[in-house]
Amino acid sequence: MDKEDLNESIDPVILAIDSGSSSELARYFENSISLNINGQQGDFSKNQAEQVIRDFFKKNPPLRFQLVYRSETNPKLSSYIGEYQSGQASYRVFIKINQLDTDLKIYSLGFVKA
């Protein structure tokens, strides 16, 4: 898979965060995912993680989200850093993705107040 395919495949994740859609975002979660929501850290099942993210989006509705950094040196593992702006605060978003064939799975996600 070349870099352009990978760039396109992260787009739905970016859109899901930008629109505050936990259900859309959860489609890309691993069965077990490591979450860090402003210092509250832990490993969650896909369903638990979706509820945690839904709660976060409810408390911090998105104004905008944009990627500021991407590391795609390893074709199987990619890291992204974004800036998430809500009415209450700004957050740094850390996304770690495992690339399995054409499937993209988030295995680590963090929202840390900037």
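None of these values were measured; they are calculated from a predicted model.

Phi angles above zero are rare outside glycine, and Asn-38 is one such case at about 50°. As for its position among the elements, Asn-38 is in the loop between strand S1 (29–37) and strand S2 (40–45). Looking at Asn-38, the relative accessible area reads 39%, which means it is partly exposed.

With that settled, consider the confidence of the model for the protein. Looking at the protein, the pLDDT average stands at 91 and 93% of residues meet or exceed 70. The weakest mean pLDDT in the protein belongs to helix H1 (residues 3–19) at 76; the strongest belongs to helix H2 (residues 22–26) at 98. Here residues 1–8 is a poorly scored stretch, pLDDT under 50, and it has 11 contacts once near neighbours within four places are set aside; other chains count.

Under the criterion given, the structure shown has four salt bridges. Put simply, Glu-24 and Arg-27 hold a salt bridge, and the shortest N to O gap is 2.7 Å. The shortest N-O distance in the salt bridge between Arg-92 and Glu-83 comes to 3.5 Å. Of the residues examined, Arg-92 reaches a relative accessible area of 34% and is grouped as partly exposed.

The next point concerns the nonpolar core. Within the largest apolar cluster, 28 residues are counted, with the highest numbers of intra-cluster contacts made by Ile-17, Leu-25, Ile-95, Ile-106, Leu-109 and Phe-111. Of all the secondary structure elements, the ones that give two or more residues to this core are H1, H2, S1, helix H3 (46–59), strand S4 (77–86), strand S5 (90–100) and strand S6 (103–113). No other element matches the five residues that H1 contributes to this core.

Conventions and cut-offs
Residues numbered from 1 in each chain as written. Predicted model: local features only at pLDDT ≥ 70, side-chain atom pairs only at ≥ 80, totals over all residues. Heavy atoms only, no water. Helix = DSSP H or I, 4+ residues; strand = E, 2+ residues; numbered from the N terminus. Buried < 20%, exposed > 50% of the residue type's maximum accessible area, 1.4 Å probe, protein only. pLDDT = per-residue confidence, 0-100. Contact = heavy atoms within 4.5 Å. Salt bridge = Lys/Arg side-chain N within 4 Å of Asp/Glu carboxyl O. Core = buried A, V, L, I, M, F, W, Y, C linked by side-chain atoms within 4.5 Å.

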